[in-house]
Amino acid sequence: MEKSHLNWVSLVKYFFMINLVLFGKPGAGKGTQASFLKAQFNLIHISTGDLFRNHISNQTDLGKLAKSYMDQGDLVPDQVTIDMLENEVDQNPQAKGFIFDGFPRTEAQAEALDLFLAKKEMNISATIALEADDEILIERLLERGKSSGRTDDQDEDKIRNRFEEYNTKTAPLRAYYTNQNKFHSVNGIGTIEEITTRLTHLINSL
Ligand code: AP5
Ligand code: MG
């Protein structure tokens, strides 16, 4: 933050907004937990996966582009994802804070997010990873795939490709946020309520 920007409003915003990154493999419970945390902490929940699925439902050009990647379990290219995310943040100027769910997923996205937030005198408060074994996640996703209509949940090879994308492109962000002293891990196995309690304790201790 530049000195010229140090006024009370920006100081309050910088120190008291809570902006969380919910991090974790496909099926780790990011969306499930975000729906509780947003109410509890009065935050705006932005899931890039949900935004893409809305575009797909509305048959927009972005939706058509995203679908070609999502159906294979591949990540959508960085720049369209970053632009979409920034646009969503810009539409919520009164927000008390955000939960970023499924974003950032690459180092380029993480760097873009830091820059974008810094321009708004905002920053990431914490990145919280929900940890769970692949086999449990595959079970959860295949189960949801029976009714969700999500093609990327219906085929184990596609799910494994989503894990592979995570391992190669997203996992390095653990080091990125650890270097910023912002990385926290939470056990993502247990009942949904147990995990919400773990997350709540952690967020209250930040
Ligand atoms: P996205 O929609 O983000 O999917 P994902 O992260 O691959 O997986 P999920 O959203 O399914 O996992 P989740 O952690 O939210 O778990 P959930 O709470 O749903 O992304 C989809 C695609 O969009 C990507 O593959 C990519 O193509 C594209 N995309 C999105 N963001 C992008 C980005 N930033 N860059 C590039 N491309 C991007 O839970 C899963 C299931 O488990 C549910 O059925 C739930 O009920 C169940 N469950 C949850 N918690 C528990 C529990 N404790 N016990 C038992 N069951 C549980
Ligand atoms: Mg999700």
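Refer to the preceding data block for the structure.
All of the points below concern the structure found in this document.

The rules behind the values
- In every chain, residue numbers begin from 1 and rise along the written sequence.
- Ligands are numbered from 1 and chains lettered from A, in the order in which they are written.
- Only residues with pLDDT of 70 or above have their local features reported here, since the model is predicted, and side-chain atom pairs are shown and tallied only from 80 upward, although totals for entire chains, interfaces and linings are computed over all residues.
- With hydrogens and water set aside, each side-chain value is computed from the structure's full complement of heavy atoms.
- Numbering of helices and strands runs from the N terminus, with a helix taken as a DSSP run of H or I at least four residues long and a strand as a DSSP run of E at least two residues long.
- Throughout this description, buried means an accessible area under 20% of the type-specific maximum (1.4 Å probe, protein chains only), exposed means over 50%, and partly exposed covers the range between.
- Whether two residues touch is decided by their heavy atoms; if any such pair falls within 4.5 Å, the residues are in contact.
- Residue burial considers only the protein chains on display, and all accessible areas are found by Shrake-Rupley using a 1.4 Å probe.
- Only four residue types enter the charge count, namely Lys and Arg as positive and Asp and Glu as negative; His and the chain termini do not.
- Just so you know, the charge point we use is NZ for Lys, CZ for Arg, CG for Asp and CD for Glu.
- The criterion is simple. A nonpolar core is a set of buried Ala, Val, Leu, Ile, Met, Phe, Trp, Tyr and Cys residues joined through side-chain atoms within 4.5 Å.
- Helix axes use the C-alpha atoms of the stretch in contact, all axes being lines fitted to C-alpha atoms, and the angles between their N-to-C directions lie in the range 0 to 180 degrees.
- Note that the term roughly parallel is reserved for angles under 35 degrees, roughly antiparallel for angles over 145, roughly perpendicular for angles of 65 to 115, and oblique for everything else.
- Each helix crossing is assigned a hand: it is left-handed if the near helix lies turned anticlockwise from the far helix by less than a right angle, otherwise right-handed if that turn is clockwise.
- Three classes are used: nonpolar for Ala, Val, Leu, Ile, Met, Phe, Trp, Tyr, Cys and Pro, charged for Asp, Glu, Lys and Arg, and polar for all others, with Gly counted as polar.
- For Phe, Tyr and Trp, where Trp contributes only its six-membered ring, two rings pair if their centres lie within 6.5 Å, and the inter-plane angle classes them as stacked under 30 degrees, edge-to-face over 60, or tilted in between.
- Here a salt bridge means any side-chain nitrogen of Lys or Arg lying within 4 Å of a carboxyl oxygen belonging to Asp or Glu.
- Within this analysis, the arc is defined by the directions that extend from the helix axis to the C-beta atoms.
- The nearness test applies per residue and asks whether one of its heavy atoms lies within 4 Å of the molecule or strand.
- Counted as a polar contact is a pair of N or O atoms within 3.5 Å, where, for protein atoms, one must be capable of donating a hydrogen and the other of accepting one, and residues adjacent in sequence contribute only when both atoms are in side chains.

Before going further, it helps to spend a moment on the overall build of the chain. Per the secondary structure count, the chain includes 10 helices and 5 strands. Taking the principal axes of the C-alpha coordinates as reference, the chain spans close to 55 × 40 × 30 Å. For the chain, with 206 residues in total, the buried portion stands at 43%. For the chain, long-range pairs separated by at least 24 residues make up 73% of all intrachain contacts whose partners lie at least 6 apart in sequence. Here the chain displays about 10800 Å² of accessible surface, and carbon together with sulfur accounts for 51% of that area. Each charge class in the chain can be summarised by its mean position, and for the 23 positive and 30 negative side chains these summaries are 4 Å apart.

This paragraph deals with the nonpolar core. Core analysis: the biggest nonpolar cluster contains 31 residues, and F98, F100, L113 and Y177 have the highest contact counts within it. Contributions of two or more residues to this core are made by β1 (18-23), α3 (48-57), α4 (61-70), α5 (78-90), β3 (97-101), α6 (107-119) and α9 (173-179). Per element, the largest residue contribution to this core is 5 residues, and it comes from α6. Each residue touching F98, except ones within four places of it in the same chain, is listed here: M17, I18, N19, L20, L43, I44, I46, V89, N92 and M122. If you look at the next biggest cluster of nonpolar residues, it comprises 16 residues, including A28, A34, A126 and I203.

Once that is clear, we can look at the packing of α5 against α6. At their nearest, the axes of α5 and α6 sit 10 Å apart, and the two run at 30° to each other. Between α5 and α6, the crossing angle belongs to the class labelled roughly parallel. In the packing of α5 onto α6, the handedness of the crossing is right-handed. Between α5 and α6, the residues in contact are D78, T81, I82, L85, E86, V89 and D90 and A108, Q109, A112, L113 and F116, respectively. Class assignment of the residues belonging to the contact of α5 with α6 gives a composition of 7 nonpolar, 2 polar and 3 charged.

Inspection of every chain in the model, using the stated rule, returns 4 aromatic pairs. Ring geometry for F98 versus F100: centroids 5.7 Å apart, planes at 15°, classification stacked. Just as F98 is buried, F100 falls in that class too. Each member of the aromatic cluster is reached from another via a ring pair, and the members are F23, Y166 and F183.

As a further point, take the pattern of salt bridges. Oppositely charged side chains can form a pair if their charged atoms are brought close together. For the structure shown, the criterion picks out 14 salt bridges. Between D153 and R144 there is a salt bridge, with the nearest N and O atoms lying 2.7 Å from each other. For R144, a relative accessible area of 35% corresponds to the partly exposed category. Between R162 and D152 there is a salt bridge; the shortest N-O distance is 3.7 Å. Remark: D152 occurs in the loop between α7 (134-148) and α8 (156-170) and R162 occurs in helix α8; sequence separation between them is 10 residues.

Right, let's get into α4. Those residues of α4 lying buried are L62, G63, A66 and M70. Each buried residue of α4 lies within a common arc of 95° when the element is viewed along its axis, so the set occupies one face. Exposed side chains of α4 directed beyond 90 degrees from the buried face belong to D61 and K64. Residues of α4 that are buried in the fold lie against α3 and α5.

Next up on the list: the site of ligand 1. Around ligand 1, the surrounding shell holds 31 residues, and the nearest of these are T32, T48, R53, D74 and R144. Here an oxygen atom of ligand 1 sits 2.6 Å away from a polar atom, N or O, in the main chain of D74. Side-chain polar atom of R144 to an oxygen atom of ligand 1: 2.3 Å apart, as the coordinates give it. When ligand 1 sits alone it has 1000 Å² of accessible area, and the protein chains cover 87% of it. Of all elements in the fold, only α2 (30-41), α3, α7 and α10 (192-204) reach the threshold of two or more residues within the shell around ligand 1.

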